[in-house]
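Each chain, letter by letter, is given below.
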Amino acid sequence: MSVKYISKTSGLRGTVNVPGDKSISHRAVMLGSIALGTTEITNFLEGADCLATIGCFRNMGVEIEHKPKSILVHGKGLRGLHAPEGILDVGNSGTTTRLISGILSGQNFTSVLSGDESLNSRPMGRIITPLRNMGATVTSVDGSGCAPLKIEPGYIHGIHYESPVASAQVKSAVLLAGLYADSETSVTEPTLSRNHTELMLQSFGAALTATMHPDGRATAAVAPCRELYGQQIDVPGDISSAAYFIAAGLTVPGSELLIKNVGTNFTRAGFLNVCQNMGADITLENETIQSGEARADILVKPDRLHGTVIEGDLIPSLIDEIPVIAVMAACAEGTTVIRDAAELKVKETDRIQTVTENLRAMGAHIAPTEDGMVIEGGHMLKGASIESHMDHRIAMSFAIAGLSAEGETQIHNSQCVDVSYPTFWETIENLH
Ligand code: S3P
């Protein structure tokens, strides 16, 4: 177990290059593995979650090379994977588990997926149900609805699935299984979740359409696919990682940070809207789009923040940023209300609970609710002993809180940042 000590600082200044986007890195390895030809991925996130995805595909016979500046995935084609040796180890990664289950549903071999304690307690019924409707043979080995999951060969039908949750992982599992189906597969979700799978499937040559309905629901439909074709993918910086430094730039007096090459796809950029709604002055520079994915440099300086309400359609576009938004809300004037975010309970930890416990330890006023939290800002934070519970986003959010709190903050099990941001601690050091 490692502990990091964070003290109040007189400002963070400089340029930050956040690591590549986690969601896009996973998808690039997955689609590259089942495409024909080679996929070259630059700015790939070398975090534990994405390395788990690489490990799974290597175990199914895909050659994946680490070059100094890129990853080369030598794809096997849609039907070229082979049976893995032993279990497929998905580590802490929900994205690996749920997306790969869609791909495995279409294979003619049996596989078993299993991860760490946190992963093996997260709900998998949300993918088991639609995949079974498609004809897949997916079972929770111990009957708990969680991993380990066993996936046996099945005949895959195209279906229409009305997803009860706006979850990109559920949507992606169904669309990826749909590549192997006998007719079109479509998924409608209550609100559009991150659309990286749809954009990347299109660029790899799948016939995919995306439709927004007037009531805010969203549908993606994919046709059965003969083959996908390898691509060059330059992964933008992860906005979920950038969020920690945007929050630091806003809440630590004396800061000035330029965060380069951040993915700003609108299905992910709700955090930027919240910053603006809280009164922050953030500037986007050098805005471009590559392979359908928007990116920009973000300039941030401290500002007086005020409370806001975060709810409804905005939630899926910032779900992973809620722990750091809670920290910003504690530093802001007035009350912030977060609702419609019950999904927080099924992340790497129950983040309603872990945010509440740790913000309270720092002296903030926070009341957890069934689907979010209410934070009354304006109470000076004080350094505290923070238990990350091995949740990378809790560790990083409270490190940011520690930078403006009175006294010392200790982040326990700080090594868990390796999941999505292995260089996080060095980056903080270098900006002092
Ligand atoms: C992800 C989707 C989100 C997000 C997770 C990554 C993805 O999960 O929280 O960190 O890459 O598809 P849900 O689909 O469960 O909302």
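This text follows the structure it describes.
The structure displayed is predicted, hence computed values, not measured ones.

*Asks:* Please explain the pattern of salt bridges as it appears in this structure.
*Replies:* Once their charged atoms are close, side chains differing in charge can pair, the charge on each being opposite to the other. In total, this model carries 19 salt bridges according to the counting rule given. Where D238 meets R268, a salt bridge forms, and the shortest distance between an N and an O atom there is 3.0 Å. Linking D238 in the loop between β16 (232-234) and α7 (239-251) with R268 in the loop between β17 (256-263) and α8 (270-277), this pair joins segments that are 30 residues apart in sequence. A salt bridge links R351 to D391, with the nearest nitrogen and oxygen atoms 2.9 Å apart.

*Asks:* Is there a simple way to think about the layout of surface pockets in this case?
*Replies:* There is about 610 Å³ of room inside the largest pocket. Along the walls of the largest pocket sit 38 residues, with A166, S167, I319, E343 and K347 positioned nearest its centre. Secondary structure elements with two or more residues in the lining of the largest pocket: α1 (22-33), α3 (94-105), α5 (168-178) and α11 (392-402). Its residues placed into classes, the lining of the largest pocket shows 11 nonpolar, 10 polar and 17 charged. Split by domain, the lining of the largest pocket shows at least three residues from each of two domains, domain 1 (3-20 + 236-430) and domain 2 (22-234). By volume, the second largest pocket is sized at about 250 Å³. Looking at the lining of the second largest pocket, the elements with two or more residues in it are β4 (38-42) and β6 (70-74).

*Asks:* How should I be thinking about the packing of α7 against α8 in this particular structure?
*Replies:* Two packed helices can be described by the angle between their axes and the distance between those axes. At their nearest, the axes of α7 and α8 sit 10 Å apart, and the two run at 15° to each other. What the angle tells us is that α7 and α8 run roughly parallel. Judged by the twist between their axes, the crossing of α7 over α8 is right-handed. Along its contact with α7, which presents I239, A243, I246, A247 and L250, the element α8 presents F271, L272 and C275. For the contact of α7 with α8, the class distribution of residues is 8 nonpolar, no polar and no charged.

*Asks:* What should I look at first to understand the site of the ligand in this one?
*Replies:* Neighbouring residues of the ligand: K22, S23, R27, T95, S167, A168, Q169, R194, I319, D320 and K347. Here S167 contributes a side-chain N or O atom positioned 2.7 Å from an oxygen atom of the ligand. Relative to its free-state accessible area of 390 Å², the ligand is covered by the protein chains to the extent of 94%. The pocket occupied by the ligand, as judged from atoms lying within 2 Å of grid points, is the largest pocket. Secondary-structure elements contributing two or more residues to the shell around the ligand are α1 and α5. With 3 residues, α1 is the largest single contributor of residues to the shell around the ligand.

Calculation notes
- Residues numbered from 1 in each chain as written.
- Predicted model: local features only at pLDDT ≥ 70, side-chain atom pairs only at ≥ 80, totals over all residues.
- Heavy atoms only, no water.
- Salt bridge = Lys/Arg side-chain N within 4 Å of Asp/Glu carboxyl O.
- Helix = DSSP H or I, 4+ residues; strand = E, 2+ residues; numbered from the N terminus.
- 1 Å grid on protein atoms, 1.4 Å probe; cavity = no way out; pocket = protein on both sides within 12 Å on 5 of 7 lines; lining within 4 Å.
- Points joined across faces, edges and corners; volume = space filled by probe spheres on them.
- Nonpolar A, V, L, I, M, F, W, Y, C, P; charged D, E, K, R; others polar.
- Domains from an automatic or database assignment.
- Axes fitted to C-alpha atoms, helices over the stretch in contact; angles between N-to-C directions.
- Parallel < 35°, antiparallel > 145°, perpendicular 65-115°, else oblique.
- Left-handed = near helix turned anticlockwise from the far one by under 90°.
- Contact = heavy atoms within 4.5 Å.
- Near = heavy atom within 4 Å.
- Polar contact = N/O pair within 3.5 Å; in protein donor to acceptor, adjacent residues only side chain to side chain.
- Areas by Shrake-Rupley, 256 points an atom, 1.4 Å probe, with all protein chains shown as cover.
- Sits in = over half its atoms within 2 Å of the grid points.

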